[in-house]
Amino acid sequence: MPQNETFFRAVSKVLFISQIYGLLPVSNICSHDVKDIKYRWFSPRVFYSATILILNLCEFGIVLYYVISVGVNFHTSSTLAFYVVCLLEHIFFWRLAFNWQSIMKHWHDVEQLFLTIPYRFYDEYKMKRRIHIVVGLVMSSALVEHCLLLANSFHSSNLERTQCKINMSYLEGVYKWERPYLYPIIPYHICIMPVLEWINETIAYPRSFTDCFIMCIGIGLAARFHQLHRRIAAVHRKVMPALFWTEVRHHYLALKRLVRLLDNALAPLILLGFGNNMSFICFQLFNSFKNIGFDFIVMLAFWYSLIFAVVRTTLTIFVASSINDYELKIITSLRDVPARAWSTELERFSEQLGNEMTALSGNGFFYVTRQLVLSMGTTIITYELMISDVINQATIRQRTVYC
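What you are looking at is a predicted structure, and each value in this text was computed from that prediction instead of being measured. Residue positions are given per chain, counting from 1 as you read along its sequence in written order. Where totals are concerned, whole chains, interfaces and linings use all residues; where local detail is concerned, this predicted model gives features only for residues with pLDDT of at least 70, and gives and counts side-chain atom pairs only at 80 or more. To get the side-chain values, take all heavy atoms of the structure and skip hydrogens and water.

**Describing helix α2 (residues 12-20)**
Because an α-helix packs 3.6 residues into every turn, residues spaced three or four apart end up facing the same way. Three exposure classes are used, based on accessible area relative to the maximum for each residue type with a 1.4 Å probe and protein chains only: buried under 20%, partly exposed in between, and exposed over 50%. Note on conventions: DSSP H or I runs of at least 4 residues are helices, E runs of at least 2 residues are strands, and numbering of each starts at the N terminus. Those residues of α2 not exposed but buried are S12, V14, L15, S18 and Q19. For α2, the angular spread of buried residues about the axis comes to 160 degrees, placing them on one side. Residues of α2 that are buried in the fold lie against α1 (7-10), α3 (44-70), α5 (100-111), α6 (127-163) and α8 (192-233). One or two positions beyond α2, positive phi appears at G22, with a value near 85 degrees. Note: the arc covers the axis-to-C-beta directions of the helix. It only takes one pair of heavy atoms within 4.5 Å for two residues to be counted as in contact.

**Regarding the confidence of the model for the protein**
Averaged over the protein, the pLDDT score is 85; the fraction of residues at 70 or greater is 93%. Residue-level confidence of the predictor is what pLDDT reports, using numbers from 0 through 100. Within the protein, the lowest mean pLDDT, 79, falls on helix α12 (residues 344-355), and the highest, 92, falls on α5.

**A short note on the packing of helix α9 (residues 242-288) against helix α10 (residues 296-320)**
For helices, the fitted line uses only the C-alpha atoms of the stretch in contact; every axis is such a line through C-alpha atoms, and the angle between N-to-C directions lies from 0 to 180 degrees. One can describe the packing of α9 onto α10 by two numbers: an axis separation of 10 Å at closest approach and a directional angle of 150 degrees. Considered as vectors, α9 and α10 are oriented roughly antiparallel to each other. Regarding α9 and α10, the two cross each other, and that crossing is left-handed. Listed contacts from α10 to F274, N277, F280, I281, Q284, L285, N287 and S288 of α9 are F302, W303, S305, L306, A309, V310, R312, T313, T316 and I317. In what follows, roughly perpendicular refers to angles from 65 to 115 degrees, roughly parallel to angles under 35, roughly antiparallel to angles over 145, and oblique to any angle outside these ranges. Helix crossings are classified by the rotation of the near helix relative to the far one: an anticlockwise turn of less than a right angle makes the crossing left-handed, while a clockwise turn makes it right-handed.

**Brief notes about α6**
One less than the residue count of a helix, multiplied by 1.5 Å, gives the span that helix is expected to have. Counted at 1.5 Å a residue, the expected span for α6 with its 37 residues is 54 Å, and the 54 Å between its end C-alpha atoms agrees. Just downstream of α6, K165 is the residue with a positive phi angle, here 55 degrees.

Here is the structure:
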């Protein structure tokens, strides 16, 4: 594996793009030396992120006042929950920025063990390429979703304006449709539309990027567990000295401590991200039983958003669970060690492998393993069966009438 393919360099461009949306305000994020990464309170990045967070908080306050005024129901509470989740994601990324230098330094020190011989021979994982492919695929799909939702807003607002014969311009109708809570407070002007759209993107961006970030962490850790597994698999059924197993065990423990460090730092983000994905999928499934009309743009935006949420959540689980998958492969490899090669050091290594789960978690409430797909799938299916007994309005779709 090339000497420069460390995690902080492989993920630097991804994190730099996220800083455009106000996330993880760390200086020198694209530096070649991990020691250059700093968090400075009085820096342009922190000022920019603070400005975005304040604007988002102001909009959240207006949304909260609007929801209280019109009354809390299923749909208004989901809008409120969306803002709460996105604001918390901004805050959690900021909290992570405080410790990002120490985390990256610890990760870099552990990686030095795996950038030397013999681990350099096991370079099939291609960490940097996987990170770029996954992030590019997910975020481009998120951009398509955002464009479809905008097209849906333009279409629906135009239908309302024409059906109700409202005397206002096309863009003003879009503004009133997308932000009914702002329309009575801030009068429409074409100059504020780009600013409001940018604020909307900074609120919506963390929803998909949180999953991407979890996948990037999973890929970075899995790359090193993969190298450890390949080294053990290379001596399959061979009698190795105790010194070999001592070295391998120490390297495994170094990875284990790194996983524990990252799990403590990322647990709130993981819990929030998966909780938001589950609630959004259930909310969209609830809406699928109601009349969503047969307008092509409305249906395309709705079903794309639902399918994208399901696929993104599943992909996040499978990528992040690869850490646990490689540990299970290491356990399987140890079972094939001949009896004549069994030693005290190998027995200690085997016990340490089986004592504790090695995986990212959501504050200990769940572990990100492949079994989580079945758990979430079972929950969603149960929810769908329950609401199907109560709501069955989708049998006859009708044209949506706004007036």
